[in-house]
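Fold and geometry: a report
Residues per chain are reported as follows:
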Amino acid sequence: MNEWSIADINAQINASAESFVIDCEAAYDKMLRDVADKICRRAKDNPITLIAGPSASGKTTTARRIEHILDAWGFETHTLSMDDYFADGTRNIDIVDQNGNPDYESPLRLDMDLLNTQLQQLARGEEVELPRFDFTAQKQCKSGRMLRRKKGELILMEGIHALNPDVTAGVKDYSNKIYLSVRTRITDGSQRLHPSLIRFARRLLRDSRTRGRNAEESCKMLASVSRGENLYIMPYKHLADFELDTFLPYELAFYRPFLMDTLNALAENLPADSDILLLRAFMEQLTPTKDHDWIPDISVIREFIGGSVITE
């Protein structure tokens, strides 16, 4: 697992924040191209690629960037979201966690029969009508979007349960499997910041900006999200053919101007041993950076701070 120190991040920011962003993004792009190359080499036998990872890992941006790379190399690629394969809400009312609350992380919320049937049909080159899930109405709808995978074309399917063999069993023999997440730890010399807290910082930004959820609500959901990751995602990451670390070493410094007021407000009602207080302590030590024009509009970071040409 990679590690960056606060001191090294600040040194890079103070030397040239713009150059730091450019270097980090170039390294990320190379990593994606390396994986895309491996997908190309397996294209004949594995036309499907499954991309999984926990919440706020950057699955959507990463999948679409890999798609664009493959397209440019002559492998026409179609990216699908597992979110569109949720079952109607009426089928999910009995799916609850240990406290009797709705378990929104459970793979049982997916229409697994439809998902596997369509992936198998696409692998065989048959035409399907893709579903669309209406989150407001909690209803699965027909999208009107017809898709047939032509010879030589590829399918990317991204979703938190993509590596779960119960969910994607139908295509396990002819699919590549990618697990991605924040894998880097940050250290201040005495303590380490767990990658899940970096993802929580991302989720705070995204929830506020696009999901109408305030920081307190995001904080309350943290335990349920973490439980779901430990039960439904982490047990299957060993099945991945490739792993990607979606951390950008500059990102926390750019998050600081957005998040410090939020973290300070949350801190007033948190117990002294809360990990969120550790996140705040680390953020306080970073050199704040406000010029977001340096961040490319295809960056995975744009999925959380806004301005993405890929996810918005």
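The coordinates are above.
Model, not experiment: these values are computed from the prediction. (Residues numbered from 1 in each chain as written. Predicted model: local features only at pLDDT ≥ 70, side-chain atom pairs only at ≥ 80, totals over all residues. Heavy atoms only, no water.)

1. Some remarks on the sheet that holds strand 9 (residues 192–193)
- Reading across the sheet, the 3 strands line up as 1-8-9 and stay open at both edges, with mixed pairing between neighbours. The outermost strands of the open sheet, each flanked by one partner alone, are strand 1 (3–5) and strand 9.
- In this sheet, strand 8 (residues 185–187) lies alongside strand 1 in parallel orientation, the contact comprising 3 bridges. Bridge assignment links Trp 4 to a residue of strand 8, and that residue is Ile 186. (Pairing = 2+ DSSP bridges. Helix = DSSP H or I, 4+ residues; strand = E, 2+ residues; numbered from the N terminus.)

2. With respect to the layout of surface pockets
- Each pocket or cavity is described by its volume, and for the largest pocket that value is around 1200 Å³.
- Lining the largest pocket we find 39 residues, and of these Asp 83, Phe 86, Phe 135, Arg 206 and Arg 211 sit closest to its centre.
- Elements that contribute at least two residues to the lining of the largest pocket include exactly helix 2 (59–72), helix 4 (195–210) and helix 5 (215–232).
- In terms of residues, the lining of the largest pocket owes the most to one element, helix 4, which gives 5 residues.
- Considered class by class, the residues forming the lining of the largest pocket number 13 nonpolar, 11 polar and 15 charged. (1 Å grid on protein atoms, 1.4 Å probe; cavity = no way out; pocket = protein on both sides within 12 Å on 5 of 7 lines; lining within 4 Å. Points joined across faces, edges and corners; volume = space filled by probe spheres on them. Nonpolar A, V, L, I, M, F, W, Y, C, P; charged D, E, K, R; others polar.)

3. Focus: the sheet that holds strand 6 (residues 154–158)
- Pairing is parallel in the open sheet, where 5 strands are placed in the order 3-6-2-7-10. Either end of the sheet is taken by a strand with one partner, and the two such strands are strand 3 (77–81) and strand 10 (242–245). Across the sheet, the mean angle from the axis of one strand to that of its neighbour is 20°, orientation sign disregarded.
- The sheet contact formed by strand 2 (residues 48–52) and strand 6 spans 4 bridges and is parallel. Residue Ile 48 lies in a different strand from strand 6, and its bridge partner there is Ile 155.
- Across the face of the sheet, helix 1 (residues 6–41) comes into contact with strand 2, strand 6, strand 7 (175–181) and strand 10 while running at roughly 165° to strand 10.
- Relative to the sheet, helix 3 (residues 112–124) contacts strand 2, strand 3 and strand 6, its axis offset from that of strand 6 by approximately 160°. (Axes fitted to C-alpha atoms, helices over the stretch in contact; angles between N-to-C directions. Contact = heavy atoms within 4.5 Å.)

4. Quick word on helix 1
- Taking 1.5 Å as the rise per residue, helix 1 with 36 residues should run 52 Å; its terminal C-alpha atoms sit only 39 Å apart, a clear shortfall.
- Along helix 1, the sharpest change in direction is near 120° and occurs at Ser 16. (Expected span 1.5 Å × (residues − 1). Bend = angle between axes of the 7 residues up to and from the residue.)

5. Thoughts on the side chain of Ser 57
- Counting through the fold element by element, Ser 57 comes out in the loop between strand 2 and helix 2.
- Setting aside residues up to four positions removed in sequence, Ser 57 forms contacts with Leu 180, Ser 181, Arg 199, Arg 202 and Thr 246.

6. A word on the packing of aromatic side chains
- Here the structure, examined in full by the defined rule, presents 5 aromatic pairs.
- Look at Trp 4 and Phe 20: their rings are 5.7 Å apart centre to centre, the planes differ by 50°, and that puts the pair in the tilted class. Here Trp 4, found in strand 1, pairs with Phe 20, found in helix 1; they are 16 residues apart in sequence, far enough to count as distant.
- The partly exposed category is assigned to Trp 4, whose relative accessible area is 24%.
- Relative to Phe 135, the ring of Phe 86 lies with its centre 5.9 Å away and its plane at 80°, an arrangement referred to as edge-to-face. With Phe 86 in the loop between strand 3 and helix 3 and Phe 135 in the loop between strand 4 (127–134) and strand 5 (139–148), this residue pair connects regions lying 49 residues apart in the sequence.
- Residue class for Phe 135 comes out partly exposed when judged on its relative accessible area of 45%. (Phe/Tyr/Trp six-rings, centres within 6.5 Å; stacked < 30°, edge-to-face > 60°. Buried < 20%, exposed > 50% of the residue type's maximum accessible area, 1.4 Å probe, protein only.)

7. Description of empty space enclosed by the protein
- In this structure the tally under the stated criterion is 1 cavity of 30 Å³ or more.
- As for the largest cavity, its lining consists of Ala 52, Ile 160, His 161, Leu 163, Asn 164, Tyr 179, Tyr 232, Ile 233, Tyr 236 and Lys 237.
- Looking at the lining of the largest cavity, its residues break down into 7 nonpolar, 2 polar and 1 charged.

8. Examining the pattern of salt bridges
- This structure, assessed with the given rule, holds 15 salt bridges.
- Here Arg 33 and Asp 29 are joined by a salt bridge, their closest N and O atoms 2.7 Å apart. With Arg 33 and Asp 29 both in helix 1, this residue pair falls 4 residues apart, about one helical turn.
- When its relative accessible area of 22% is taken as the criterion, Asp 29 is described as partly exposed.
- For Lys 172, the salt bridge goes to Asp 173, with nearest N and O atoms at 3.2 Å.
- What makes Lys 172 partly exposed here is its relative accessible area of 47%.
- Classification of Asp 173 as exposed rests on a relative accessible area of 62%.
- Through salt bridges that share partners, Glu 25, Asp 29, Arg 33 and Arg 65 make up one connected network. (Salt bridge = Lys/Arg side-chain N within 4 Å of Asp/Glu carboxyl O.)

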